[in-house]
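Summary of structural features
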Amino acid sequence: MTSTVDAPSAVDDPTAIDFGQIADPVERARTLAPIIRDSAERTESNGTLSPDIVDLVKRAELFWTLAPTEVGGLGADVVQGLQVTEELAAADGSTGWSVMANMSVTGFMGGHASDAAVDTLYRSNGRSIIAGMFAPMGKIEPVAGGYRARGSYSFGSGSGHADWIGGGAKAVDENGPYDLIFLVPRSEVVFKGGWDVLGLAGTGSYDYEIPEQFVASEFTTRRDGGTPLRGQASQYLGLQILGSAGHAGVALGLARRALEELHAILAQGRVRPGAIPVLEQQLFLHDFAGVEANLRSARAYVMEAFGDALATVSKGDPYTELQYQRIRQASTWVTRVGMDTVNFAYTWSGSKGLREPSAMGRCLRDMHAATQHVYVDSTTMVTAASALLGAYATA
């Protein structure tokens, strides 16, 4: 048994779920959660999502949560996308992480890719799933109609089931250098494995190489600073903010699941020889109340930070530097709070949390793995500080 929590039982026949009757993408994620919970151990063991889980997420259309309705996506806003990730990560960290990685870039390209690329990616052969690592680690050479592109990349989360794989490289135009994203079909990518890790083991975050090849300009776009060609207001937030929302959602989901697991363990009457039950110990009760308050406070700040920027772009205005830095601050902070929450839950779970397989063990491993991503590195706090301090300047 992979979980100590009495979670809702998985649907007897997942293919019978009529997602057309569930308009809210967050509710769709909740509907999938029991099935994903039951598959968590298998996902971790496989190193990537199994085909049946991929098919289920496809049928729920969650890979396209953030993609514009014009390309067949759900057209959800960034806060809804964050909540979808939170629900999936609470069911299984690897699944939540994989889907959020696909969701953010697949949604972004739906809003920013050229019309010709959109026809190929979302219409001609059905809606594609996109994955990749988009830091400018590759090389491109301008040629007629596009680029000769190549590169070696790591951390291609969600690439195990993606149809198109992306890379990043430095480009230059009349305004100077910028980061370029380019996409190639899965068949043109060499996967090298390399995902032997402590946590988030089921995310298929493989190393891969894009051998030198021609990439038409239609299948490229700016990583930052581009103007959306279609889609909902959240498209104006850009890939960095959409990705940050995913990381915040993973931390929130994992922390919530760890507290659920802890409650289930303690409800069984955990007690050490010579001591009263943990649920009656004032030290535990005091510290639990503080940990839970910290998590709820961090979640509220995350929703405020992303909601504030969303409200700005929904009015047709660009988000401000302060709003951007508050998003980076909130995403990093909630990851730290999530780690503290999971550590607390694991410590008080005693030997129940130590044994494997267990959901508590996965939460611990996955949460610590999540802290290592560059999006939530401690340097984000340092970078944000100047803008945050400026908010307190008096006239």
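Heads up: the structure comes first, above all this text.
Each value, and the rule that gives it
- Residues numbered from 1 in each chain as written.
- Predicted model: local features only at pLDDT ≥ 70, side-chain atom pairs only at ≥ 80, totals over all residues.
- Heavy atoms only, no water.
- Helix = DSSP H or I, 4+ residues; strand = E, 2+ residues; numbered from the N terminus.
- Rg over C-alpha atoms; globule rule 2.2 N^0.38 Å.
- Buried < 20%, exposed > 50% of the residue type's maximum accessible area, 1.4 Å probe, protein only.
- Contact = heavy atoms within 4.5 Å.
- Areas by Shrake-Rupley, 256 points an atom, 1.4 Å probe, with all protein chains shown as cover.
- Lys, Arg positive; Asp, Glu negative; His and termini not counted.
- Charge placed at Lys NZ, Arg CZ, Asp CG, Glu CD.
- Axes fitted to C-alpha atoms, helices over the stretch in contact; angles between N-to-C directions.
- Parallel < 35°, antiparallel > 145°, perpendicular 65-115°, else oblique.
- Left-handed = near helix turned anticlockwise from the far one by under 90°.
- Nonpolar A, V, L, I, M, F, W, Y, C, P; charged D, E, K, R; others polar.
- Core = buried A, V, L, I, M, F, W, Y, C linked by side-chain atoms within 4.5 Å.
- Phe/Tyr/Trp six-rings, centres within 6.5 Å; stacked < 30°, edge-to-face > 60°.
- Lys NZ or Arg CZ within 6 Å of the ring centre and 35° of its normal.
- Expected span 1.5 Å × (residues − 1).
- Pairing = 2+ DSSP bridges.
- Salt bridge = Lys/Arg side-chain N within 4 Å of Asp/Glu carboxyl O.

For the protein, the count of helices and strands is 12 helices and eight strands. Relative to its length of 395 residues, the protein is compact, with a C-alpha radius of gyration of 21 Å against a globular reference of 21 Å. The principal-axis extents of the C-alpha atoms in the protein amount to approximately 80 × 60 × 40 Å. Taken over 395 residues, the protein has a buried fraction of 55%. Within the protein, residue pairs in contact and separated by at least 24 positions form 76% of the contacts whose partners lie at least 6 positions apart. Counting every atom, the protein has about 16,900 Å² of accessible surface; 52% of that belongs to carbon and sulfur. A distance of 3 Å separates the average location of the 31 positive side-chain charges in the protein from that of its 44 negative side-chain charges.

A few words now on the packing of helix α8 (residues 282–314) against helix α9 (residues 321–349). Their axes nearest at 9 Å, the elements α8 and α9 cross at an angle of 155°. The angle between the axes of α8 and α9 places the two elements in the roughly antiparallel class. Seen from above, α8 lies across α9 with left-handed handedness. Taken together, the residues of the contact of α8 with α9 break down into 18 nonpolar, six polar and three charged.

Another aspect to go through is the nonpolar core. Ranked by size, the top nonpolar core spans 108 residues in total, and within it M109, F182 and F306 carry the most contacts. Those residues in contact with M109, other than ones at most four positions away along the chain, are V118, Y122, I130, I181, L183, T221 and R230.

If you walk through the whole model with that rule in mind, you get 10 aromatic pairs. Between the aromatic rings of F63 and W64, the centroid separation amounts to 5.9 Å while the plane-to-plane angle is 75°, which identifies the pairing as edge-to-face. Owing to a relative accessible area of 0%, F63 belongs among the buried residues under this scheme. The buried category is assigned to W64, whose relative accessible area is 4%. Centroid distance F344 to W348: 6.4 Å. Interplanar angle 50°. Geometry classified as tilted. Residue F344 and its partner W348 are located together in helix α9, separated by four residues, close to a single helical turn. Take F344 and W348: they sit in the same class, and that class is buried. A cation sits over an aromatic face here: R127 above W64, 4.4 Å from the ring centre. We note R328 situated over the ring of Y375; from NZ or CZ to the ring centre the distance is 5.5 Å.

With that settled, the discussion passes to α9. Its 29 residues place the ends of α9 42 Å apart at the C-alpha level, agreeing with the 42 Å of an ideal helix rising 1.5 Å per residue. One or two residues past the end of α9 sits G350, with phi positive at roughly 65°.

The next point concerns the sheet that holds strand β4 (residues 164–173). With mixed pairing, four strands are arranged side by side in an open sheet as β1-β4-β5-β8. Of all the strands in the sheet, the pair left with one neighbour each is β1 (130–132) and β8 (220–222). On average, each strand axis in the sheet is tilted by 40° relative to the strand beside it, whichever way the strands run. Of the strand pairs in this sheet, β1 and β4 are connected by three bridges, and their pairing is parallel. Bridge pairing in β4 links G132 to G166.

The next subject is the environment of Y346. Topologically, Y346 is positioned in helix α9. On the basis of relative accessibility, which here comes to 26%, the residue Y346 falls in the partly exposed class. Leave out the neighbours within four places in its chain, and Y346 touches G353, L354, M360 and L364.

Once that is clear, we can look at the pattern of salt bridges. Inspection of the entire model under this criterion finds 21 salt bridges. We note a salt bridge from E61 to R127, for which the minimum N-O separation is 2.7 Å. With E61 in the loop between α3 (51–59) and α4 (78–91) and R127 in the loop between α6 (115–123) and β1, this residue pair connects regions lying 66 residues apart in the sequence. On the basis of relative accessible area, E61 is assigned to the buried category, the value being 19%.

Here we come to the sheet that holds strand β3 (residues 146–156). In sheet architecture, strand pairing relies on hydrogen bonds along the backbone and comes in two forms, parallel and antiparallel. The strand order β2-β3-β7-β6 describes an open sheet built from four strands, whose pairing is antiparallel. Lying at the two open borders of the sheet, with one neighbouring strand each, are β2 (139–143) and β6 (190–193). Adjacent strand axes in the sheet meet at a mean angle of 15° when their direction is disregarded.

The subject of this paragraph is unusual backbone geometry. Between E356 and the following residue, P357, the backbone shows a cis peptide bond with an omega angle of -5°. Turning to its location among the elements, P357 is positioned in the loop between α10 (351–354) and α11 (359–370). Positive phi, close to 65°, is recorded for E61, a residue that is not glycine. Of note in this structure, L200 is not a glycine but carries a positive phi near 50°. Within the element layout of this structure, L200 appears in the loop between β6 and β7 (206–216).

This part is about the pairing of β2. In summary, the side chains of a regular strand alternate between the two faces of the sheet. Pairing analysis gives five bridges linking β2 to β3, with the strands arranged antiparallel. In the sheet register, P142 faces β3, and the bridge partner there is Y147. Count of turn residues in the β2/β3 antiparallel hairpin: two residues, of which G145 carries a positive phi of about 85°.

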